[in-house]
Amino acid sequence: AQESLQSQSGWVPLLLALLYEYTASSSRWQPYFSLWQDFRSLDHPMFWPEEERTRLLQGTGIPEAVDKDLANIHLEYSTIIRPFMESHPDIFDPKVHTLELYKQLVAFVMAYSFQEPLEEEDEDEKGPNPPMMVPVADILNHVANHNANLEYSPHCLRMVTTRRVGRGQEVFNTYGQMANWQLLHMYGFAEPYPGNTNDTADVQMVTVRKAALRRASSEAERRRVAEQCQLEMVGEEGAFVLGWDEVLTEEELSVTLKVLCMSEEEFKEYKEQDGWEDDSEEEENSALSNEALSRLKTPCKKLLYDSVLLTLESYGSDLKAEQDLLNNKEAYEKLSQREQHALHVRYGQKRILHQLLELVQ
């Protein structure tokens, strides 16, 4: 049945196995599943009421990611999982193996599975390897400043310490260089500020386009910006990713700023030449470290500044309100765990965005 179980996620075979094994009293995996009496302890934002998700995570990118997840989960269950179960009534019962259980198992896989990395030569040709559950390897927590990591070998997995771990210290794995919004979305937690050195903030492409159109002072300028936005390198979707020390999508942002800040004459010449004649110098200078950001040309700085301001407007509260809440220990401890995690996601993103504002002022 392998072909009928193909899906966008590639997770369906594992999830079907989990549906069966988790509900089969005779499963040899019951000692493993007994660590989770139920999955209500998984508190991914996909399980939060929509109102709470919107209120606490507006502007972070998580509500949009959850909406996509839920749509994909419903689609996979209705078009692949349920038909497969109905064709195997001796093994599956849709009244037991419900959509709600399927959703909980998706979160379980998100939080506890492993994916063997592809070889470099396969990265462009193949999709990611399917996830797998590895009992015992999944007991370690994650922090950015970890002291162990996982090594794959042909016959086993090894959890190897990266520095000396003293008696009584916790051994921390790394789930990868993950921003707080990714940790909350996929694992249900966030690192308290300032622990996550891998934190990032996004500026959406549509926000940069909006900022460029807003600053156009005439109809002719608006038409030119609209035409610039049609170029493939500018695009309509996606986001520019900002880290603490540099722009992680440096080439994309550099090109986009340059195109959207062209004068009428520059844009006309660009179209006539069908692009830049020699990109070598541009590529050399495209690395957007924090220091390089402060040296951008004035029009590019202004467009980036306006784009960041628009991004900050998308949140439900400002940086000072978050700072006051973090500094007030009594008020912070009264927050629910969801509110605390969401606060750390919002605050880290806003700090990165405000840092960028200072660099391009």
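To start, this report covers the structure provided alongside it.

So, how was this worked out
- Residues numbered from 1 in each chain as written.
- Predicted model: local features only at pLDDT ≥ 70, side-chain atom pairs only at ≥ 80, totals over all residues.
- Heavy atoms only, no water.
- Buried < 20%, exposed > 50% of the residue type's maximum accessible area, 1.4 Å probe, protein only.
- Helix = DSSP H or I, 4+ residues; strand = E, 2+ residues; numbered from the N terminus.
- Pairing = 2+ DSSP bridges.
- 1 Å grid on protein atoms, 1.4 Å probe; cavity = no way out; pocket = protein on both sides within 12 Å on 5 of 7 lines; lining within 4 Å.
- Points joined across faces, edges and corners; volume = space filled by probe spheres on them.
- Nonpolar A, V, L, I, M, F, W, Y, C, P; charged D, E, K, R; others polar.
- Arc of directions from axis to C-beta.
- Contact = heavy atoms within 4.5 Å.
- Disulfide = S-S within 2.5 Å.
- Phe/Tyr/Trp six-rings, centres within 6.5 Å; stacked < 30°, edge-to-face > 60°.
- Core = buried A, V, L, I, M, F, W, Y, C linked by side-chain atoms within 4.5 Å.

**Focus on the pairing of strand 5 (residues 201-204)**
Burial along strand 5 is one-sided: A201 and V203 are buried, while D202 and Q204, pointing the other way, are not. As defined by bridge partners, strand 5 adjoins strand 6 (residues 239-242) across four bridges and the pair is classed as antiparallel. Pairing of V203 across the sheet is with F240, part of strand 6.

**As for the layout of surface pockets**
Computed from the structure, the largest pocket encloses a volume of approximately 870 Å³. Looking at the lining of the largest pocket, the elements that each hand over two or more residues are helix 4 (62-86), helix 5 (99-112), strand 1 (113-114), strand 3 (148-152) and helix 6 (180-187). Its residues assigned to classes, the lining of the largest pocket shows 19 nonpolar, ten polar and three charged.

**A few points about helix 9 (residues 250-260)**
For helix 9, the full list of buried residues reads L253, T256, L257, V259 and L260. Here the buried residues of helix 9 occupy an arc of 165° about the axis, which is enough to place them on one side. Looking at the buried side of helix 9, the elements it contacts are helix 7 (205-215), helix 8 (219-229), strand 6 and helix 13 (298-313).

**Structural notes on empty space enclosed by the protein**
Overall, the coordinates contain two cavities of 30 Å³ or more when judged by the stated rule. Taken together, L242, G243, N290, L293, I352, Q355, L356 and L359 form the lining of the largest cavity. Taken together, the elements giving at least two residues each to the lining of the largest cavity come down to helix 12 (290-293) and helix 16 (337-360). No other element matches the four residues that helix 16 contributes to the lining of the largest cavity. The residue makeup of the lining of the largest cavity, split by class, is five nonpolar, three polar and no charged. In terms of lining residues, the second largest cavity is bounded by N180, E191, P192, Y193, P194, G195, N196, D199 and H344. Of the residues belonging to the lining of the second largest cavity, the class tally is three nonpolar, four polar and two charged.

**Considering the state of the cysteines**
Going through the model one piece at a time under the given rule, you end up with zero disulfides. No disulfide involves C261; its nearest neighbouring cysteine sulfur is the one of C300, lying 3.9 Å away. Among the residues examined, C261 registers a relative accessible area of 15% and is labelled buried. C300 gets classed as buried once you look at its relative accessible area, which sits at 11%.

**Let's talk about the packing of aromatic side chains**
The final tally for this structure, using the stated rule, is 15 aromatic pairs. Measuring from centroid to centroid gives 4.8 Å for Y193 and Y347, while their planes differ by 90°, and the two rings are edge-to-face. Linking Y193 in the loop between helix 6 and strand 5 with Y347 in helix 16, this pair joins segments that are 154 residues apart in sequence. Residue Y193 is classed as partly exposed on the basis of its relative accessible area of 30%. For Y347, a relative accessible area of 1% translates into the label buried. Arranged with centres 6.4 Å apart and planes meeting at 15°, the rings of F267 and Y270 form a pair that is stacked. Within this pair, F267 and its partner Y270 are both found in helix 10 (residues 264-273), separated by three residues, close to a single helical turn. The structure contains a cluster of three or more aromatic residues connected by ring pairs, namely Y22, Y32, F33, W36, F108 and Y112.

**Observations concerning the nonpolar core**
Residues Y102 and F108 are the most contacted members of the largest nonpolar core, which totals 48 residues. Of all the secondary-structure elements, those providing two or more residues to this core are helix 1 (12-23), helix 2 (30-33), helix 3 (50-57), helix 4, helix 5, helix 6 and helix 16. With ten residues, the single largest contributor to this core is helix 4. Sequence-distant contacts of F108, defined by excluding residues within four places in its chain, comprise L18, Y32, F33, W36, F39, L42, S113 and M133. Core analysis: the second largest hydrophobic core is formed by 31 residues, C229, L253, L303 and V360 among them.

These results come straight from atomic positions and should not be treated as a statement about function.
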